[in-house]
Amino acid sequence: MVCTAVANLPTQLARGRGQAGRGHPSGGGQAHSYAFPGRTEVVASDAVIIGIVLVCHTDASVLFDLGSTYSYVSSYFASYLDMSSNSLDTPIYVSSPIGDSLVADSVYRSCLGDIGGYETRVDLLLLNMVNFDVILGMN
């Protein structure tokens, strides 16, 4: 695994270099996901971690987003997954730092991730993003 700390990611995201989110339920029965900065109950930091991680036995460019409730997979990388997606009962609305709104309405369940020899399973919401193959949140 190759990991790199990246400073000032919100500025990079605002320039259209990626998307990230954090889950936040709201009224009306719709789930929403909001982007950086991190949660207000923790000390704010622009530092994040990116790296190359095995996801379903394929190298993936990954953003580790500790402020995100959900994990996401790009449409491009999802085409390499040897599994089918399932529709979500309720779509997740994701807002980017530049104000774009994206909808995640399907999920790849129980994807195998290998981080430094530690294997874990994660559900990945399908999201139309281009700068990362996967965003790993805290789910």
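Coordinates for the structure precede this section.
Residues numbered from 1 in each chain as written. Predicted model: local features only at pLDDT ≥ 70, side-chain atom pairs only at ≥ 80, totals over all residues. Heavy atoms only, no water.

Within the chain one finds two helices and 10 strands. Helices and strands appear in the chain in the N-to-C order β-α-β-β-β-β-β-α-β-β-β-β. Burial statistics for the chain: of 139 residues in total, 40% are counted as buried. The long-range fraction of contacts in the chain, counting pairs at least 24 apart against all pairs at least 6 apart in sequence, stands at 60%. (Helix = DSSP H or I, 4+ residues; strand = E, 2+ residues; numbered from the N terminus. Buried < 20%, exposed > 50% of the residue type's maximum accessible area, 1.4 Å probe, protein only. Contact = heavy atoms within 4.5 Å.)

Working definition: two side chains of opposite charge can pair if their charged atoms are close together. Under the criterion given, the structure shown has one salt bridge. One salt bridge in this structure joins aspartate 123 and arginine 109, with 3.2 Å as the shortest N-O distance. Taken as a pair, aspartate 123 in strand 9 (residues 118-127) and arginine 109 in strand 8 (residues 101-115) lie far apart in primary sequence, 14 residues in all. Judged by relative accessible area, arginine 109 falls into the partly exposed class, the value being 43%. (Salt bridge = Lys/Arg side-chain N within 4 Å of Asp/Glu carboxyl O.)

Right, let's talk about the nonpolar core for a bit. One finds Val55, Val73, Leu81, Leu124 and Val134 to be the most contacted residues of the largest nonpolar core, which totals 16 residues. Among the elements of the structure, strand 4 (48-55), strand 5 (58-64), helix 2 (75-78), strand 8, strand 9 and strand 10 (134-136) are those that each provide at least two residues to this core. With three residues, strand 5 is the largest single contributor of residues to this core. Membership of the second largest hydrophobic core comes to 14 residues, among which are Tyr72, Ile92, Val94 and Leu102. (Core = buried A, V, L, I, M, F, W, Y, C linked by side-chain atoms within 4.5 Å.)

Take the environment of proline 91 next. Structurally, proline 91 is set in strand 7 (residues 86-95). For proline 91 and alanine 104, which are 13 residues apart along the polypeptide, the C-alpha to C-alpha distance reads 5.7 Å.

This paragraph deals with the pairing of strand 8. When strand 4 meets strand 8, the two strands line up antiparallel, connected through two bridges. Residue pairing for strand 8: leucine 54 is matched across the bridge by aspartate 114. With six bridges joining them, strand 7 and strand 8 adopt antiparallel strand pairing. Bridging from a neighbouring strand, serine 87 pairs with serine 106 of strand 8. The sheet contact formed by strand 8 and strand 9 spans seven bridges and is antiparallel. Within strand 9, the residue paired with tyrosine 108 across the bridge is leucine 124. Taking the residues that link successive antiparallel strands as the turn, the strand 8-strand 9 hairpin has two residues, and the phi of glycine 116 there is positive, at about 60°. (Pairing = 2+ DSSP bridges.)

Within the secondary structure layout, valine 94 lies in strand 7. With 10 residues separating them along the chain, valine 94 and alanine 104 place their C-alpha atoms 7.4 Å apart.

Another point: the side chain of serine 71. Along the chain, serine 71 turns up in the loop between strand 5 and strand 6 (72-74). For serine 71, a relative accessible area of 0% corresponds to the buried category. Polar side-chain contacts of serine 71 include one of 2.9 Å to the backbone nitrogen of glycine 137. When neighbours within four sequence positions are excluded, serine 71 is seen to be in contact with Val122, Asp123, Leu124, Leu125, Ile135, Leu136, Gly137 and Asn139. (Polar contact = N/O pair within 3.5 Å; in protein donor to acceptor, adjacent residues only side chain to side chain.)

Next up on the list: the layout of surface pockets. Roughly 200 Å³ of volume is contained in the second largest pocket. Around the second largest pocket, the lining comprises 16 residues; the ones closest to its centre are Ile115, Thr120, Val122, Leu136 and Gly137. Broken down by secondary-structure element, the contributors of at least two residues to the lining of the second largest pocket are strand 4, strand 8 and strand 9. If you tally residues by element for the lining of the second largest pocket, the top one is strand 9, at four residues. Classifying every residue of the lining of the second largest pocket by side-chain character gives nine nonpolar, five polar and two charged. (1 Å grid on protein atoms, 1.4 Å probe; cavity = no way out; pocket = protein on both sides within 12 Å on 5 of 7 lines; lining within 4 Å. Points joined across faces, edges and corners; volume = space filled by probe spheres on them. Nonpolar A, V, L, I, M, F, W, Y, C, P; charged D, E, K, R; others polar.)

The analysis is restricted to geometry; functional conclusions fall outside its scope.
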